[in-house]
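Topology and contacts: notes
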Amino acid sequence: MFLTSFLKKISSSESKPPPEKVNSVILEKVVTVSSPVNLPSWKDRSIWTSSCRQEPNVQNQCQEIKEIITDLLRTIRDPEKPNTLEDLLVITDESVQVQPFEENGYLVRIDFNPTVPHCSLASLIGLCLRGKIQKNVVERIKLDIVIAEGKHSTEEEINKQINDKERVAAALENPNLKEMVDSCIRDEE
Amino acid sequence: MARLDELCKLPGHQGIVWNVGWNQEGNILVSCGEDKTIRLWGRNVNSNDWVCRSILSDGHQRTIRSVSFSPCNKLISSASFDGTCCIWDKSTSTEGNQYECTATLEGHENEVKCVAWSASGSFLATCSRDKSVWIWEVGEDGEFECAAVLSAHTQDVKKVVWHPHQDIVASASYDNTVKMFCEEDDDWICFATLKSHESTVWSLAFDSTGKLLATCSDDRTIKIWKEYLPGNEFGVATSDNMPTWKCVCTLSGVHPRAIYDISWCHQTGLLATASGDDAIRIFRIDPESDPNAPFLEQLITVPRAHEQDVNSVVWNPCIPGLLASCSDDMHVKLWQFKG
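Residues numbered from 1 in each chain as written. Chains lettered and ligands numbered in written order. Predicted model: local features only at pLDDT ≥ 70, side-chain atom pairs only at ≥ 80, totals over all residues. Heavy atoms only, no water.

**Some points on the overall build of chain B**
Applied cut-off: Working definition: helices are DSSP H or I runs of at least four residues, strands are E runs of at least two. Numbering for both runs from the N terminus. To get the radius of gyration, use the C-alpha atoms; to get the globule rule, take the number of residues to the power 0.38 and multiply by 2.2 Å. Here's how the labels work: a residue is buried when its accessible area is under 20% of the maximum for its type, exposed when over 50%, partly exposed in between, all with a 1.4 Å probe on protein chains only. Whether two residues touch is decided by their heavy atoms; if any such pair falls within 4.5 Å, the residues are in contact. We count Lys and Arg on the positive side and Asp and Glu on the negative side, and we leave His and both chain ends out. For charged residues, the charge sits on one atom: NZ in Lys, CZ in Arg, CG in Asp, CD in Glu.
Tallying secondary structure elements over chain B gives 0 helices and 28 strands in all. Relative to the globule expectation of 20 Å for 339 residues, the C-alpha radius of gyration of chain B, 19 Å, shows essentially globular dimensions. Seen through its C-alpha atoms, chain B measures out along the principal axes to roughly 55 × 50 × 30 Å. Out of the 339 residues in chain B, the part that is buried amounts to 66%. For chain B, restricting intrachain contacts to residue pairs at least 6 apart in sequence, the fraction spanning at least 24 positions comes to 48%. With 28 positive and 46 negative side-chain charges, chain B shows a spacing of 8 Å between the two charge centroids.

If you want it as structure tokens, here you go:
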């Protein structure tokens, strides 16, 4: 096996301005099919706030999952303070919402409050929440983690980042980040 | 009624399966994932069942995100979160399906997300979270030399694909755009930026002619883009004697969650999508619709095609309607479309 070494030839890759469309005579056709969305994503705030009618036993199961996940999250330690996320009100009893999907699936949505609106560790906290749930929950779930609306100066940017499954997977494989996450989510003896 | 029948479910990977691909003859399927292995799947000679023929390991230190066969079928390339690409060579081994890692392409600053061969076999493209697209020239001696580092995107580059006939590469990014690159006077340049998606563009696929491009996104839409050449009869403006790529169709409201992959069958013209709602969907462009405003017709939805997110779908290059998929649920599946 030989290791090829390379000269980094930096080409002039200045991107040209996007092609002008002003003279275009063709209108873009937008096709929207109105099918009932039964598996909303974190972008569908309205669906999450609307109350959905459920069978009592399904409601109980959702309540149970909600309690299990809330218990997992409340004991996570803050990355830079000695307190838990529950102490700092990052996670409260209202943070976790659970909806059923298909026969045995649960849609889990977590809204967390960063301690300050410009908190630089918000994405690391998001990573800790996801890491701990992935490690401990065996049920079939879809997990969306978002910053509680209006609680961070770069809310949208962080939501995009912590819900990008590829970035999250890579981050959780990065030894430095993994060590930080592990130390925050490790259960105290 | 059109249907998509599940042919088989292939277990073996431990963890997320990120990507699947076919060899050019369509008789070997390759998959890769979180378990840092590449698996080759083929038909058992006696039973005709799809079985794992070979496992390639020890090439990467972290998740293997993308894998593909070279046009000559002799080489396999893989891209990993460990920041490298490996080239696996069959010719150096004696046994049928044994491959050996014969080259490691280093240079990206962090996770390599995708690796793709040009149709001519002369080039390899890679992309990374470091925001760059690299073009590698394939030498006759099996050496790979970096021909260009393209820093046109402002964010993570998720996927690169080559035009089916020309040395043109298209890249999809977390910056919500698609960019196209070609070689001009010995330099690789960005000649088109496709803006319309409202979030990460996860994947893209050319049709068989290379005149249409399909893209899919975290914004939960599919878009079809059409090439308009300089001096076209439709009055679409072009600049610098380069074609303009224009969005001619947007399909929204069908996928409730992110769309992670799209594959365009070069034999049947069918489109398949892999989605975060665990479903696989099949579409086609209505042949009666206006080519400048095509209508995307949904033929099939297979809900719960997998138990978790579907990460990749790919049509077989030789057998019409044969589709492979893979998922977070650790499985690879094969499907047959019947129209």
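**Comments concerning the sheet that holds strand β25 (residues 296-302) of chain B**
All names here are of chain B. Heads up, the rule is: Should DSSP find at least two bridges between two strands, the strands are regarded as paired. Angular values range over 0 to 180 degrees, each being the angle between N-to-C directions of two axes fitted as lines to C-alpha atoms, with helices fitted over their stretch in contact.
One open sheet holds the 4 strands; their spatial order is β22-β23-β24-β25, and the pairing between them is antiparallel. What marks the edges here is a single partner per strand, and that holds for β22 (259-264) and β25. Looking at each pair of strands side by side, their axes are set apart by 20° on average, direction ignored. The sheet contact formed by strand β24 (residues 280-285) and β25 spans 6 bridges and is antiparallel. Along β25, the bridge assignment pairs I285 with L296.

**A short note on the packing of aromatic side chains**
All names here are of chain B. Threshold: Pairing of aromatic rings covers Phe, Tyr and Trp, the last counted by its six-membered ring, and requires centre-to-centre distances within 6.5 Å; plane angles under 30 degrees mean stacked, over 60 mean edge-to-face, and any other angle means tilted.
Scanning the model with the defined rule gives 10 aromatic pairs over all chains in all. Between W134 and W136 the ring centres are 5.4 Å apart and the planes differ by 25°, which places this aromatic pair in the stacked class. Just as W134 is buried, W136 falls in that class too. Note on W202 and Y260: the rings are 5.1 Å apart at their centroids and 75° apart in plane angle, and the pair reads as edge-to-face.

**A look at the sheet that holds strand β14 (residues 157-162) of chain B**
All names here are of chain B. In space, the 4 strands of this open sheet follow the order β14-β15-β16-β17, with antiparallel pairing throughout. Where the open sheet ends on each side, the last strands, each with one partner, are β14 and β17 (187-195). Taking the axes of each pair of neighbouring strands and ignoring which way they run, one obtains an average angle of 25° across the sheet. Bridge count for strand β15 (residues 168-173) against strand β16 (residues 177-184) is 5 bridges, and the pairing is antiparallel. What sits directly across from S171, in β16, is K179.

**Some words on the UniProt feature "domain: MIP18 family-like" (unreviewed entry) in chain A**
Inclusion rule: UniProt positions are given in the numbering used here, feature names are shortened, and annotations may be inferred rather than shown by experiment.
UniProt records the feature "domain: MIP18 family-like" (unreviewed entry) for residues 67-129 of chain A in the present numbering. Between the C-alpha atoms that bound residues 67-129 of chain A the distance is 15 Å, and the span itself is 25% helix and 22% strand.

**A short note on the UniProt feature "repeat: WD" (unreviewed entry) in chain B**
The UniProt record marks residues 10-41, 57-98, 105-138, 150-181, 194-226 and 303-339 of chain B with the feature "repeat: WD" (unreviewed entry), using the residue numbering of this structure. With 0% helix and 50% strand, the stretch residues 10-41 of chain B has end C-alpha atoms that lie 9 Å from each other.

**A word on the side chain of R257 of chain B**
Note the following rule: Each polar contact in these results corresponds to two N or O atoms within 3.5 Å; when the atoms are within protein, one needs to be able to donate a hydrogen and the other to accept it, and residues that are neighboring in sequence are counted only if both atoms are side-chain atoms.
You can see R257 of chain B is positioned in the loop between β21 (244-252) and β22. On the basis of relative accessibility, which here comes to 9%, the residue R257 of chain B falls in the buried class. A polar side-chain atom of R257 of chain B sits 2.8 Å from a polar atom in the side chain of D144 of chain A.

**Some points on the state of the cysteines**
For clarity, the cut-off: Two cysteine sulfurs form a disulfide in these notes if their separation is within 2.5 Å.
The full count for this structure, using the stated rule, is 0 disulfides over all chains. C86 of chain B takes part in no disulfide bond, and the closest cysteine sulfur to it belongs to C101 of chain B, at a distance of 3.6 Å.

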